[in-house]
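Per-entry structural report
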Amino acid sequence: MSQPHSTLLRFEYPTATAARRVERSIVVEVGELDPERSAVTVDREEAVVTLAIEATDRVALRAAVNSWCRYVATAETVVDAVLAQS
């Protein structure tokens, strides 16, 4: 059996409002990926969003990191568009 694997991703934003918008956009995805192979927790402190990812193996960890980075990138694009309209 493989050893569990984990990583911590940290995303810093110019404002707490931007971080909160990204956090709220991605937190709905928690539990949607294969829960048998990986899990994530999403936290925010002021302008920093942190994702703690745990996985059963390296392949699952890589897949989870790729998925969560895409979720964050998509949320950032939307937040940028909303802030540009403000």
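Keep in mind that this is a model prediction, so the values were computed, not measured.

Quick look at unusual backbone geometry
Within the chain, Glu46 stands out as a residue other than glycine whose phi angle is a positive 55 degrees. Examined against the element boundaries, Glu46 turns out to sit in the loop between strand 2 (38–45) and strand 3 (48–55).

A look at helix 2 (residues 58–85)
Taking 1.5 Å of rise per residue, 28 residues should cover 40 Å, and helix 2 covers 41 Å from first to last C-alpha, within 8% of that figure. What helix 2 keeps buried is the set Ala60, Leu61, Ala64, Val65, Ser67, Trp68, Val72, Ala75 and Val79. Tucked into the core, helix 2 has its buried residues touching strand 1 (5–12), helix 1 (16–26), strand 2 and strand 3.

Points about the nonpolar core
Core analysis: the biggest nonpolar cluster contains 21 residues, and Tyr13, Ile26, Val49, Leu51, Ile53, Trp68 and Val72 have the highest contact counts within it. Every element with two or more residues in this core is listed here: strand 1, helix 1, strand 2, strand 3 and helix 2. When residues of this core are assigned to their parent elements, the largest contribution, 8 residues, is made by helix 2. In contact with Leu51, not counting residues within four places along its chain, are Thr7, Leu8, Leu9, Phe11, Ile26, Val40, Thr41, Val42, Trp68 and Val72.

So, the pattern of salt bridges
What the rule picks out here adds up to 3 salt bridges. Between Glu12 and Arg10 there is a salt bridge whose closest N-O contact spans 3.4 Å. The same class applies to Glu12 as to Arg10, namely exposed. Between Arg37 and Asp57 there is a salt bridge whose closest N-O contact spans 3.0 Å.

A look at a nonpolar patch on the surface
Together, Val27, Val28 and Val30 give the surface a local cluster of nonpolar side chains, amounting to about 220 Å² of exposed area. Residue placement: Val27 occurs in the loop between helix 1 and strand 2. Accessibility expressed as a relative area gives 37% for Val27, which makes it partly exposed.

The rules behind the values
- Residues numbered from 1 in each chain as written.
- Predicted model: local features only at pLDDT ≥ 70, side-chain atom pairs only at ≥ 80, totals over all residues.
- Heavy atoms only, no water.
- Helix = DSSP H or I, 4+ residues; strand = E, 2+ residues; numbered from the N terminus.
- Expected span 1.5 Å × (residues − 1).
- Buried < 20%, exposed > 50% of the residue type's maximum accessible area, 1.4 Å probe, protein only.
- Contact = heavy atoms within 4.5 Å.
- Core = buried A, V, L, I, M, F, W, Y, C linked by side-chain atoms within 4.5 Å.
- Salt bridge = Lys/Arg side-chain N within 4 Å of Asp/Glu carboxyl O.
- Patch = residues over 30% accessible without salt bridge, like charges linked within 9 Å, V, L, I, M, F, W, Y side chains within 5 Å.
- Areas by Shrake-Rupley, 256 points an atom, 1.4 Å probe, with all protein chains shown as cover.

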